[in-house]
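Secondary and tertiary structure notes
One letter stands for each residue in the lines below.
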Amino acid sequence: MRGADRLDEALAAVELVIADAPEYAPAWELKGRILWDGRRKDEGRAAYERACEAFQATAENFDGEQKEDASFGLEQLRWVARTHVPNGVLAAGPSETGP
């Protein structure tokens, strides 16, 4: 299978998850990774930003373990952006600490 075909297949799978659970931040993060790795940087950036928004919304709307998980997910995503993605990719801005 060619790389472009695999990219399309991976995107189709993650978009099914997003269609079913549009606020599921890990799916948006995965979509960002797939697009970024497929050299579709602008689309990848938008998906990463959506992941940050979803993690932040979860952290604000829940208490206890769910809030902690969402906050940790957001910090991980910001750390990945800071260490692996060029500056300015995420509107939320990178964290100064790693996961």
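This text goes with the structure placed above it.
The paragraphs below set out a description of the structure included in this document. (Residues numbered from 1 in each chain as written. Predicted model: local features only at pLDDT ≥ 70, side-chain atom pairs only at ≥ 80, totals over all residues. Heavy atoms only, no water.)

A short note on the pattern of salt bridges
Applying the stated criterion across every chain, the model contains five salt bridges. A salt bridge links E23 to R50; its shortest N-O distance comes to 2.8 Å. Within this pair, whereas E23 is found in the loop between α1 (3-20) and α2 (25-37), its partner R50 is found in helix α3 (residues 41-61), the two being separated by 27 residues in sequence. According to the relative accessible area criterion, E23 is partly exposed, its value standing at 48%. (Salt bridge = Lys/Arg side-chain N within 4 Å of Asp/Glu carboxyl O. Helix = DSSP H or I, 4+ residues; strand = E, 2+ residues; numbered from the N terminus. Buried < 20%, exposed > 50% of the residue type's maximum accessible area, 1.4 Å probe, protein only.)

Details of the environment of L74
Looking at where L74 falls in the secondary structure, it is placed in helix α4 (residues 64-84). Sequence separation between L74 and P26 is 48 residues; the distance between their C-alpha atoms is 9.8 Å. When near neighbours in sequence (up to four residues on either side) are disregarded, L74 contacts C52, F55 and Q56. (Contact = heavy atoms within 4.5 Å.)

Some thoughts on the environment of S71
Structurally, S71 is set in helix α4. The class of S71 is partly exposed, set by a relative accessible area of 31%.

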